[in-house]
Amino acid sequence: MLTRRQLLAAALASPLALPALGALFPAGGSLSTQGGLRFIYVLAPGGWDTTRVFMPQFGQDLVDMEADATSAQIGGISFVDHPDRPSVRAFFQAWGARSLVLNGMLVPSVAHRACMRLLLTGSIADGQPDWPALVAAASTDWTIPHLVLDGPAFPGPYGGSVVRTGSGGQLAGLLDGSIVDRVTPSAGRLSPELLALVDQRARDRASAALERATTTRDQGLAAAHADALGRALALTSVAPDLPWDTGGTFDGQVDLAVAALARGLCRSCGLTFATERDWDSHYLNDERQSPLYESLFAGLDRLVGLLDTTLDPDGAPLSQRTLIVVLSEMGRTPLLNGSKGKDHWPYTSALLVGTGVTGDRVVGGLDEGSAGLYMDPSTGELDAKGIEVSTVHLGATLLTLAGVDPSELLSDIDPLLGLLS
Amino acid sequence: MRGRLPGLWLGLGLLGLSACKKIELSPGTTLDDPQALLARASMDLRGQRPSEQELALAVVDPASVDDDIAAWLDAPTLSDRLVALWGPIWLTQADEYLVPAAAFGEQDEPAFLRSVGQQPLRHLARVVTDDRPWSQLITADWTVADPLMARIAPLERESDADGWQLAWYTDYRPALGAFDSPGMYLRFTSTEFNAQRSRANAMSRILLCDDFLARPISVGRGVALLDQEAAQEAIRTDPSCKACHDTLDPIAANFWGFHQMFDSAPREYTWYHPEREVFWEVWSGVGPGFQGQNIQGAHELGPLVAAADGFTSCAVSQARQVLLQDAVQAADPDGTERSRQAYDASGGRMKAVLWSVTQQPAWRAVGQESAGDAGRKLISADLLESSMAGLVGATFRLDGWGLTDNDREGLRTLAGGVDGRFQTQPADRPTPTSVLVQARLAELVAGLATQDDRPGALFAADDLSADLDTAAWNDRDRSLSLRVLSRPPTEDELSADRALYDAARATGATPAQAWQAVLTALLRDPAAMWD
């Protein structure tokens, strides 16, 4: 306990404990220079039709492809090209060398909520943390290890490492204090000058609690409070510089995520593109999915471009340390139904873009019955004697990329080491 | 449960507040002192910090704490606490349901979410506060309803009064206690293909502590999930499926009467549909049953569940979970056995179990090293709000929404709470955002407490209009510490608080603003987040 206390006492005496909220760091300063890969998770909830971009299953009797679609190849990336989706082609032209497409990944359910849990946690049980939360729990040096801008997140027991911005902009309101003005009843707030004095006294109280604690439990709580207070004050200091108002758009989420990563605020961000209602195309599949894909890839193109031109706290382009993980919790049936829609299918694809994976590559696939093909996890090549890749294999791979040993969390699950660069 | 000492109460009452201040209270941090034990009891059982008078009495007569515990277990305030305590277990209080308020012609979405999410928990609370057997969670032919629930469901309330009243369904649904609540089925949904299994699992998880979803699932490659016949065949024959489905599917077959079929009709969601009870014949092929016993339907289910292995141990486990922590109950088999005995001896009453937990070292030895993993507890998000807001008698609203009971506009998960769908475990330690919530709540409460026209109980009007002499200032600071932290300040704290006051005055702040600063900082003390 002594070491922990010393550490936290030092933390309170560090720049995190400077006097005033909002003045902890010089303008343009950063919070941290932590190592390790950063992640941006992009979720397309509702179930995308993999045959419209990722899986060119032309010429198969049991698959309904679009009439105007063609199979295309850019470098090592084979994909479905369509005149209504120029952004897909543009994306792979620009970033195909950094892109890895994983096809035929099993999500062993066909219910949205179960699939979402399976995709992100590998389990359908309540309380199981998702991959970002597991990485976040091991990333304690970050102010906010995982920042969720929109969409589902399953922190499990690691709620302290996962922070949502809130659907109503609650985090921004908390940080700048404006939420106080929206609450009723309320009274006049203290001036910034007095609030600075209060902040200092709050820090002193946290230090005193740490010193006064005599039991293991009290020490743990006091230390955790001191740690949380330090992070909260650090977070508050950079809050004015971040574009918290996303306007409910994907571009807004991208701007906030990139800014947060650039300031060293978080190790990973969770973004969502559109809603379950949008992607869940039980009727008019192509009229609905095609424009979504077009917008998604336009947004991803902008995201990768921003990561290239935005520097991290160490002065390196963010793209050199960031992996984008684009997911949807299920695929869609190979054949159109009577409403020109497609229903739920338990095999999906994943798009990984950036550092850590071998780009210019498509791995995995579907057989003629649209079931996943087996893969050798050590090479990423198809292998009938290999494994059927499911969401837990993706999870183990992401954990490995983050420097977290997956064997302690996912027994008997091999990470897909053949996908890593 | 012993009787209170009326003479002492009377004496302290006559002495009044100033007399209480003269009693030497320990600034110690261990709960072998009764004031800390009282604070825990007050927070756990009524959601408020104890008053100065109550703390003073606890010091003079430590045994009076048990009187207070007994009284709070019988007080109306227990109901809200039970809802808060069991909320993270039942997970019915979500930010959205199958349909919004507008589907029922209701305009107040926050109120709709509160009522729907709370109804099952209010049933639980009524079972406890009326000291009825815990089995009535699943066997009662009555329920509770507020005016909103009575508008959207076929319910007849005992009276037209506001709040939660006893009520009865008028659509002849089977007696399933809290599991008759529309909220259960708006929260835990099912498709035909799912065949009510998610609802059966919710019941099993909540009442039997047996979560089928927590079991490892292995879906063989040969199982064609989209081919219904093949999937049903696998469920019946594939060993990897059978193990769970043989148990789960008969339970699920009992819930078809709650099945919704048509999205547009409000009655679909809140009315019982007896004609659909036989849908299992089409969708699962497995008839109603429970733990190997075939039954006629849901009207026979409740007593079987209440008599099942696991029902009692689950009840006891949950009582210990809500008042202690998971780690404690696992490490305290003797305490668990004592709680079990209390349950049995009382005829299955939860109030007796709660009382038994409060009499055990794991709950009472707060702050003592001997308690091991026991000790102080981080308070929940709702308790953080209620304990602070209670100091100024306020109920906070954020654009019409509650402050910590939702995430649509509120701060529930940011404060460490549970959202019922994604965040299903409360925070067990302070987080950056929960500390921020504490800071903003502190601002709100201190602002209200020092308003000129709202002197309240924390300040006398004279405190705020002019600087006090040293003795009076120290008395006021001690009083604030007692109200906020349930302990007096140390001498160092007193000096530091005074320094803050003086520094604030030096900036030109009024006495009221200087006290506002002192109180804001006090409310941000780490100990304000635990009991």
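Everything numeric in this text was worked out from a predicted model, so none of it was measured.

1. Topic: the sheet that holds strand β4 (residues 99-106) of chain A
Residues and elements named next belong to chain A. A sheet is described by the order of its strands in space; here eight strands give the open sequence β6-β5-β8-β1-β9-β12-β4-β13, paired in mixed fashion. Pairing within the sheet leaves two strands with one partner each, and these edge strands are β6 (162-164) and β13 (361-364). For this sheet, the mean inter-axis angle between neighbouring strands, taken without regard to orientation, is 20 degrees. Where β4 meets β13, four bridges bridge the pair, whose relative direction is parallel. When the sheet's bridge partners are listed, V101 is paired in β13 with V362. Sheet strands in contact with helix α2 (residues 86-95) are β4 and β12 (347-354), and its direction is about 120 degrees off that of β4.

2. Comments concerning the side chain of R49 of chain B
Residues and elements named next belong to chain B. With respect to the helices and strands, R49 occurs in the loop between α2 (34-46) and α3 (52-60). There is no salt bridge for the buried R49, and the closest opposite charge comes from D531, which lies 6.7 Å off by N-O distance. Separated by 3.3 Å, the side chains of R49 and S486 make a polar contact. A polar side-chain atom of R49 sits 3.1 Å from the main-chain carbonyl oxygen of W530. Apart from residues lying up to four places away in sequence, R49 is in contact with A39, S42, M43, R483, V484, L485, S486, A527, A528 and W530.

3. Observations regarding the packing of helix α24 (residues 470-485) of chain B against helix α26 (residues 511-523) of chain B
Axis angle and axis distance: for two packed helices, these are the angle between their axes and the distance between the axes, and together they describe the pair. Residue and element names in this part refer to chain B. Running from amino to carboxyl end, α24 crosses α26 at an angle of 35 degrees, the nearest separation of the two axes being 10 Å. In this structure, α24 crosses over α26, and the sense of that crossing is right-handed. Residue-level inspection shows W473, R476, D477, L480, S481, V484 and L485 of α24 in contact with α26, the latter providing W515, V518, L519, L522 and L523.

4. As for the domain arrangement of chain B
Residue and element names in this part refer to chain B. In terms of domains, chain B is made up of domain 1 (2-28 + 378-529), domain 2 (89-180), domain 3 (192-296) and domain 4 (308-364). Across the domain 3 to domain 4 interface the summed buried area is about 460 Å²; carbon plus sulfur atoms make up 66%. Of all residues in domain 3, L207, L208 and C209 give up the largest surface area on contact with domain 4, accounting jointly for 70% of the area buried on that side. In this structure, the connection of domain 3 to domain 4 is made through zero salt bridges. Applying the counting rule to domain 3 against domain 4 returns one residue pair in polar contact (both at pLDDT 80 or more). Counting residues per element, the side of domain 3 that touches domain 4 draws most heavily on helix α10 (residues 197-208), at four residues. Among the residues forming the side of domain 3 that touches domain 4, the class breakdown is five nonpolar, one polar and one charged.

5. What to know about unusual backbone geometry
Residues and elements named next belong to chain A. A cis amide bond, omega -10 degrees, links T184 with the succeeding residue P185. The topology assignment puts P185 in the loop between β7 (183-184) and α7 (192-212). In this structure, D360 is a non-glycine residue whose phi angle is positive, near 55 degrees. As for its placement among the helices and strands, D360 is situated in the loop between β12 and β13. Exposure remark for D360: the relative accessible area of 35% places this residue in the partly exposed category.

6. Quick word on the nonpolar core
Ranked by internal contacts, the top residues of the largest apolar core, which has 128 residues, are V42, F92 and F297 of chain A. Excluding residues within four positions of it along the chain, F297 of chain A makes contact with V53, F54, S87, V88, F91, F92 and L351 of chain A. With 94 residues, the next largest nonpolar core counts A101, A140, W142 and L324 of chain B among its residues.

7. Thoughts on the interface of chain B and chain A
Taken together, the contact between chain B and chain A spans 82 residues of the former and 78 residues of the latter. Of the roughly 6,500 Å² buried between chain B and chain A on both sides combined, carbon and sulfur atoms contribute 60%. Notably, a salt bridge pairs R189 of chain A with E443 of chain B, separated by 2.8 Å at the nearest N-O pair. Looking at the side of chain B that touches chain A, the elements with two or more residues in it are β6 (397-398), α22 (432-449), α25 (491-506) and α26 of chain B. Top element by residues in the side of chain B that touches chain A is α22 of chain B. It accounts for 11 residues. Its residues assigned to classes, the side of chain B that touches chain A comprises 36 nonpolar, 21 polar and 25 charged. Two elements, β7 of chain A and β6 of chain B, share two bridges in a ladder whose sense is antiparallel. Its bridge partner lying in β6 of chain B, V183 of chain A is registered against L398 of chain B.

8. Notes on helix α16 (residues 311-323) of chain B
All names here are of chain B. Here α16 is 13 residues long and its end C-alpha atoms lie 19 Å apart, about the 18 Å a rise of 1.5 Å per residue gives. Burial within α16 is extensive, with 10 of its 13 residues counted as buried. Burial in α16 covers these residues: F311, T312, C314, A315, V316, Q318, A319, R320, V322 and L323.

Scoring rules and cut-offs
- Residues numbered from 1 in each chain as written.
- Chains lettered and ligands numbered in written order.
- Predicted model: local features only at pLDDT ≥ 70, side-chain atom pairs only at ≥ 80, totals over all residues.
- Heavy atoms only, no water.
- Pairing = 2+ DSSP bridges.
- Helix = DSSP H or I, 4+ residues; strand = E, 2+ residues; numbered from the N terminus.
- Axes fitted to C-alpha atoms, helices over the stretch in contact; angles between N-to-C directions.
- Contact = heavy atoms within 4.5 Å.
- Buried < 20%, exposed > 50% of the residue type's maximum accessible area, 1.4 Å probe, protein only.
- Lys, Arg positive; Asp, Glu negative; His and termini not counted.
- Salt bridge = Lys/Arg side-chain N within 4 Å of Asp/Glu carboxyl O.
- Polar contact = N/O pair within 3.5 Å; in protein donor to acceptor, adjacent residues only side chain to side chain.
- Left-handed = near helix turned anticlockwise from the far one by under 90°.
- Domains from an automatic or database assignment.
- Buried area = accessible area lost by both parts, 1.4 Å probe.
- Nonpolar A, V, L, I, M, F, W, Y, C, P; charged D, E, K, R; others polar.
- Core = buried A, V, L, I, M, F, W, Y, C linked by side-chain atoms within 4.5 Å.
- Expected span 1.5 Å × (residues − 1).

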